[in-house]
Amino acid sequence: MEGTKGEGQPGGGTMANNAEQPRQQDHLVRDGDFVVLKREDVFKAVQVQRRKKVTFEKQWFFLDNVIGHSYGTTFEVSSGGNLQPKKMMEEITSETKEAGIDNRNIVDDGKSQKLTQDDIKALKDKGIKGEEIVQQLIENSTTFRDKTEFAQDKYIKKKKKKYEAVITVVKPSTRILSIMYYAREPGKINYMRYDTLAQMLTLGNIHAGNKMIVMETCAGLVLGAVMERMGGFGSIIQMYPGGGPVRAATTCFGFPKSFFNSLYEFPLGKVNSLLNGTFSSKALPSESKDSISVEENNGVLLDDLQTSPKEMEENIIEVIENNHPQQETMEVISQEPEYKDQKERGNKKDYIQEFQKKQEQQKKRQIEAAALLNERNADGLIIASRYHPTPLALSLLEFVASSRPFVIYCHYKEPLVECYTKLRERGGVINLRLSETWLRNYQVLPDRSHPKLMMSGGGGYLLSGITVANDKQKPESCTVELEKNEEPIAKKQKVEESEDLP
Amino acid sequence: MSFVKYEELIKEGDTAIIFLGHGSMFPVQVQHGAQTQTKYGVIRHSAHLIGQPYGSRVTCSKGGWVYVLHPTPELWTLNLPHRTQILYSTDISIITMMLELKPGSIVCESGTGSGSLSHAIIRTVAPTGHLHTVEFHQQRAQKAEEEFREHRVDRWVTVRNQDVCKNGFGVSHVADAVFLDIPSPWEAIGHAKDALKVEGGRLCSFSPCIEQVQRTCQALAEHGFIEVTTLEILLREYNVRTANLPLPDLGGALDPLPVLGEAQFKIGVPLKETVGHTGYLTFASKSLF
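Residues numbered from 1 in each chain as written. Chains lettered and ligands numbered in written order. Predicted model: local features only at pLDDT ≥ 70, side-chain atom pairs only at ≥ 80, totals over all residues. Heavy atoms only, no water.

Trainee: Help me understand the overall build of chain B, please; the structure alone is not making it clear to me.
Mentor: Per the secondary structure count, chain B includes 8 helices and 14 strands. Computed over C-alpha atoms, the radius of gyration of chain B comes to 24 Å, more than 25% over the 19 Å expected from 2.2 N^0.38 for 289 residues, which places it beyond the range of a compact globule. Along the first, second and third principal axes, the C-alpha atoms of chain B reach 80 × 60 × 30 Å. In chain B, the share of contacts with a sequence separation of at least 24, taken over all contacts with a separation of at least 6, comes to 62%. In the form shown here, chain B has an accessible surface area of approximately 12,200 Å², with 52% of it arising from carbon and sulfur atoms. (Helix = DSSP H or I, 4+ residues; strand = E, 2+ residues; numbered from the N terminus. Rg over C-alpha atoms; globule rule 2.2 N^0.38 Å. Contact = heavy atoms within 4.5 Å. Areas by Shrake-Rupley, 256 points an atom, 1.4 Å probe, with all protein chains shown as cover.)

Trainee: What exactly am I supposed to notice about the sheet that holds strand E6 (residues 65-69) of chain B here?
Mentor: Residue and element names in this part refer to chain B. Reading across from one edge, E2-E1-E6-E5 is the order of the 4 strands in this open sheet, with antiparallel pairing throughout. The open sheet has two free edges, formed respectively by strand E2 (24-29) and strand E5 (57-59), since each of these has just one partner strand. Ignoring which end each strand starts from, the neighbouring axes of this sheet average 35° apart. In terms of strand pairing, E5 meets E6 through 3 bridges, oriented antiparallel. Within E6, the position partnered with arginine 57 by the bridge is tyrosine 67. (Pairing = 2+ DSSP bridges. Axes fitted to C-alpha atoms, helices over the stretch in contact; angles between N-to-C directions.)

Trainee: In this structure, what is going on with helix H4 (residues 116-125) of chain B? I would like to understand it.
Mentor: Residues lying three or four places apart along an α-helix face the same way, a consequence of the helix completing one turn every 3.6 residues. Here H4(B) lies mainly inside the structure; 10 of its 10 residues are buried. Among all positions in H4(B), only B:Ser116, B:Leu117, B:Ser118, B:His119, B:Ala120, B:Ile121, B:Ile122, B:Arg123, B:Thr124 and B:Val125 are buried. (Buried < 20%, exposed > 50% of the residue type's maximum accessible area, 1.4 Å probe, protein only.)

Trainee: Help me understand the UniProt feature "binding site: S-adenosyl-L-methionine" (unreviewed entry) in chain B in this model?
Mentor: All names here are of chain B. When the UniProt feature table is mapped onto this chain numbering, "binding site: S-adenosyl-L-methionine" (unreviewed entry) sits at Ser114, Gly115, Ser116, Leu117, Glu135, Asp163 and Asp181. Along the chain, the position of serine 114 falls in the loop between strand E7 (106-110) and H4. Non-local contacts of serine 114, meaning those with residues more than four positions away in its chain, are made with Leu80, Pro81, His82, Arg83, Thr84, Ile86 and Glu147. Within the local environment of serine 114, its side chain forms a polar contact with the backbone nitrogen of threonine 84, the two atoms lying 2.9 Å apart. Tracing the chain through its elements places glycine 115 in the loop between E7 and H4. Judged by its relative accessible area of 1%, glycine 115 is buried. (UniProt positions renumbered as here; feature names shortened; annotations may be inferred. Polar contact = N/O pair within 3.5 Å; in protein donor to acceptor, adjacent residues only side chain to side chain.)

Trainee: What's the story with the environment of A:Glu139 in this structure? I'm lost.
Mentor: All names here are of chain A. Mapped onto the elements, glutamate 139 comes out in helix H2 (residues 130-139). Glutamate 139 sits in the exposed class, given a relative accessible area of 57%. On a C-alpha basis, the gap between glutamate 139 and lysine 114 in space is 9.1 Å, while along the polypeptide they are 25 residues apart.

Trainee: Even after reading the chapter, I still don't get the interface of chain A and chain B, so can you show me in this structure?
Mentor: By a frequent convention, interface size equals the accessible area lost on bringing the separate parts together. In this complex, chain A contributes 73 residues to the contact, which on the side of chain B involves 66 residues. Ranking the residues of chain A by area buried against chain B places A:Arg175, A:Trp438 and A:Tyr442 at the top, with a combined share of 12%. Here chain A and chain B share 3 salt bridges between them. The salt bridge partner of B:Glu227 is A:Arg175, with a shortest N-O separation of 3.4 Å. (Buried area = accessible area lost by both parts, 1.4 Å probe. Salt bridge = Lys/Arg side-chain N within 4 Å of Asp/Glu carboxyl O.)

Trainee: It is not clear to me how a nonpolar patch on the surface should be interpreted in this structure. Could you clarify?
Mentor: Residues and elements named next belong to chain B. Together, Leu247, Val259 and Leu260 make up a nonpolar patch on the protein surface, roughly 280 Å² of accessible area in all. When you line up the elements, leucine 247 lands in the loop between strand E12 (225-246) and strand E13 (262-270). For leucine 247, a relative accessible area of 34% gives the class partly exposed. (Patch = residues over 30% accessible without salt bridge, like charges linked within 9 Å, V, L, I, M, F, W, Y side chains within 5 Å.)

Trainee: Before we go on, may I ask you to explain the environment of B:Phe179 in this structure?
Mentor: Residue and element names in this part refer to chain B. Within the secondary structure, phenylalanine 179 is located in strand E10 (residues 177-180). Between the alpha carbons of phenylalanine 179 and leucine 203 there is a distance of 5.9 Å; along the sequence they are 24 residues apart. If near-sequence neighbours (up to four positions away) are discounted, phenylalanine 179 is found in contact with Leu87, Ile95, Leu99, Cys108, Glu109, Ser110, Leu117, Cys204 and Phe206.

Trainee: Looking at this structure, I do not really get the packing of aromatic side chains. What am I missing?
Mentor: Two aromatic rings, taken as a pair, are described by how far apart their centres are and by the angle between their planes. Inspection of the entire model under this criterion finds 11 aromatic pairs over all chains. Where A:Tyr182 meets A:Tyr194, the ring centres are 6.3 Å apart and the plane angle is 80°; that geometry is what we call edge-to-face. Remark: A:Tyr194 occurs in helix H5 (residues 194-203) and A:Tyr182 occurs in helix H4 (residues 174-184); sequence separation between them is 12 residues. Look at A:Tyr182 and you get buried, because its relative accessible area is 18%. Site record: aromatic cluster; members linked through ring pairs are A:Phe253, A:Phe255 and A:Phe259. A cation over a ring is seen here: A:Arg365 above A:Tyr264, with NZ or CZ 4.0 Å from the ring centre. The cationic tip of B:Arg57 hangs over the ring face of B:Trp65; the distance from NZ or CZ to the ring centre is 4.6 Å. (Phe/Tyr/Trp six-rings, centres within 6.5 Å; stacked < 30°, edge-to-face > 60°. Lys NZ or Arg CZ within 6 Å of the ring centre and 35° of its normal.)

Trainee: What is the right way to look at helix H3 (residues 89-98) of chain B in this model?
Mentor: Residues and elements named next belong to chain B. For H3, a buried count of 10 out of 10 residues is recorded, marking the element as mostly surrounded by other parts of the structure. Buried residues of H3: Ser89, Thr90, Asp91, Ile92, Ser93, Ile94, Ile95, Thr96, Met97 and Met98, and no others. In the segment just after H3, glutamate 100 is the residue with positive phi, at about 60°.

Trainee: Can you help me understand the nonpolar core in this one?
Mentor: The nonpolar side chains of a soluble globular protein tend to be buried, and buried together. Judged by nonpolar contacts, the single largest core of 96 residues is most densely connected at A:Met200, A:Val222, A:Val226, A:Ile236 and B:Leu281. The element best represented in this core is helix H6 (residues 221-230) of chain A, accounting for 7 residues. Other than its neighbours up to four places away in sequence, A:Val226 contacts A:Leu201, A:Ile206, A:Met212, A:Val214 and A:Ile236. Counting residues in hydrophobic clusters, the runner-up holds 37 residues, among them A:Leu392, A:Leu397, A:Tyr420 and A:Leu432. (Core = buried A, V, L, I, M, F, W, Y, C linked by side-chain atoms within 4.5 Å.)

Trainee: What should I look at first to understand the pairing of strand E8 (residues 211-216) of chain A in this one?
Mentor: Moving residue by residue along a regular strand, the side chains alternate between the two faces of the sheet. Residues and elements named next belong to chain A. Along E8, 6 of the 6 residues are buried, which leaves the element largely enclosed by surrounding structure. Residues Lys211, Ile213 and Met215 point to one face of E8 and Met212, Val214 and Glu216 to the other, with burial holding for every one of them. Handedness of the crossover joining E8 and strand E9 (residues 235-240) through H6: right-handed. As paired elements, E8 and strand E13 (residues 380-384) share 5 bridges and run parallel to each other. Its bridge partner being in E13, isoleucine 213 is matched across the sheet by leucine 381. (Right-handed = clockwise from strand over helix to strand, strands pointing away.)

Trainee: Explain the pairing of E6(B) to me, please; I cannot follow it from the model alone.
Mentor: Residue and element names in this part refer to chain B. Summarising burial for E6: 5 of the 5 residues are buried, a large majority. Neither face of E6 is exposed, since Trp65, Tyr67 and Leu69 on one face and Val66 and Val68 on the opposite face are all buried. Of the strand pairs in this sheet, strand E1 (residues 15-21) and E6 are connected by 3 bridges, and their pairing is antiparallel. Opposite phenylalanine 19, over in E6, you have tyrosine 67 as the bridge partner. Between E5 and E6, which pair antiparallel and follow one another directly, the connecting turn spans 5 residues, one of which, glycine 63, has a positive phi of 105°.

Trainee: It is not clear to me how a negative patch on the surface should be interpreted in this structure. Could you clarify?
Mentor: Where like charges cluster on the molecular surface, the negative patch consists of B:Glu145, B:Glu146, B:Glu150 and B:Asp154. Inspection of the secondary structure assignment puts B:Glu146 in helix H5 (residues 138-150). (Lys, Arg positive; Asp, Glu negative; His and termini not counted. Charge placed at Lys NZ, Arg CZ, Asp CG, Glu CD.)

Trainee: Before we go on, may I ask you to explain the packing of H5(A) against H3(B) in this structure?
Mentor: The description of two helices packed together rests on the angle between their axes and the distance between the axes. The contact between H5(A) and H3(B) brings their axes to 8 Å, and the two run at 105°. As summarised for this structure, H5(A) and H3(B) are arranged roughly perpendicular, according to the angle between their axes. Seen from H5(A), the contacting residues are A:Tyr194, A:Asp195, A:Ala198, A:Gln199 and A:Thr202; seen from H3(B), they are B:Ser89, B:Thr90, B:Ser93, B:Ile94, B:Thr96 and B:Met97. Its residues assigned to classes, the contact of H5(A) with H3(B) comprises 4 nonpolar, 6 polar and 1 charged. (Parallel < 35°, antiparallel > 145°, perpendicular 65-115°, else oblique. Nonpolar A, V, L, I, M, F, W, Y, C, P; charged D, E, K, R; others polar.)

Trainee: In this structure, what is going on with the domain arrangement of chain B? I would like to understand it.
Mentor: All names here are of chain B. Per the domain assignment, the segments of chain B are domain 1 (15-71) and domain 2 (75-234 + 276-286). Taking only C-alpha atoms into account, the centre of domain 1 sits 33 Å from that of domain 2. At the interface, 8 residues of domain 1 touch 6 residues of domain 2. There are 0 salt bridges connecting domain 1 and domain 2. If you list the elements that add at least two residues to the side of domain 1 that touches domain 2, you get E1 and E2. At 4 residues, E2 tops the list of elements feeding residues into the side of domain 1 that touches domain 2. Its residues assigned to classes, the side of domain 1 that touches domain 2 shows 5 nonpolar, 3 polar and no charged. (Domains from an automatic or database assignment.)

What follows is the structure, encoded as structure tokens:
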């Protein structure tokens, strides 16, 4: 199952620990795996569980038959909700079919298809395969043979897309999950387009062995992407607002347990105390109610958790977010991977003991996280949240070593303009760059190549830079104007430690 | 220093980046007794560099100062000696993500060129992955090998001096990803398919011209690749400055009197009026069947 060989030692540092050896049959789907279902350009993240009904693209089925097959296998839904593997058919290269020259005589009166909705439904009910239906539609179209070859091609593609729907089971990755989230739940990730995320990972030099600080409110997608690029090596301290970090998207990656040994979390609410040396591990009021990972969901689930202690023990939380009642949404499973196997419901006394034990563990982890942060030698900082970036940047950069990159994402440009200014005033940063990327995709077909869609502006902005020793320095010449009429710099936390690195 | 792992202090043999300000920087090979000239004066390696923490400010002989930065593939891309046109971090970022590169990935690349992408790949796949890079130009292949050695990343990369279109990558059924940046990528698709693992893998081809892209997409279809996507990514940078606009004098008839003078505010203006084209990126997946 998800059990790993070679549990690494907790904490970062050397390259040698947390090595997850690639398993022999890594390319086969197993029971319990986190996978992504793909149909054309639509994705959905689910966990493979036997006899569990899954809905996707107006169809429902069981994933049982997927187990044992390779990732990348395509299936079609057959009777009883069972998936049957379907080999991708060779595109029948058209023998010289009858075709027209142009569309001057084709009238679109909506009457050219002789088959009615009922006829098509009857065919479907009879169990006729998708390819057959498409063939029938072509034969019953009065205008088909008058269309140009290109138009025929387009027509066939369109019908195939509708009637020959196949589902592919793919392995989750940053690529797939970031595309999925941007298409289906962009609000959850602050409208961060996948190319922007790609820039963050590279500009931030995210790689194995780093000690990263991540502050994100993107459902855990950014955290997952960072974890993927670190491969289980190194350590991550995730800063979080409120009661706990949201890691719904992180779970979708299906990382092995060992990856989580060196993942820490630390409440934003204690950052200032850490900076001025008054940190204590006593629980904050916002944390006392529920210290388990909380799924943010319009407050509905939160209420459930708070009312019933029995509910709180439910470790596998399946949330179906309903942003569009019509459209199918994503099935997201939020859980702490370590407790996934725990299904026992002991009596109330056992439960309280268990809960207290967890509290102790989390307190211990928090102290460890505080110690890691206090070393002030993190290898990088990633900020991608709904909060104004400036206060986050000014405080969290204190924990980052010298000569390390940092990347700050914001849905809007203006807060980053302000952040840029404040960072200039703070000093200790160079190479500040405010940027965005535009993405344009293309249709490439013989004699029919052209751009399709240009995505610009809506994917978010990035402010990146490199930390340096922050002595009492003169500002970088020329471009920095120290405004006299700008509001005074917010209370600067005195750094107890000197510039000397430990 | 290490291109694949951060270190705190500057050592002999390191490649450090001297930062002068305003994006002006250059690389130096740190050596006992060596000296580096800058417009602010001389930097003496033994006194100013060796043993100092990266990120330190170094005052040069004439009194001006510079920062010494830890190398990263991104800084290397901006400072490396060009033997060919190179790929910049904007393209490298999307390539890395779309090819699903991560620690442990086995990657095949051709042509090596000036090693810009190579360094980025090595950084991403280390410590458990490997890069097989093919370059048909002998001197360039040699220079790349030298640089990988100097940068102490040679254990993660194998350079082969051959023509990928004729002889492939030199490995078979091992790669998770293949990258092509050559004049005729359609001639290498068959070899790319062979280099990729049997269970599947990702491919990317970079071409400046759309005609090359068309031929490549056709070859991909013929070889049974799926999920073929072509895109381009364009970088837009902004300059942050303060702007002043004078407030117009509309007369003194109002009470209280309107404020005159100038309104000052921060602006983010595009750095260049247009964004440059580097090339089209075509991605595809090797199908299992």
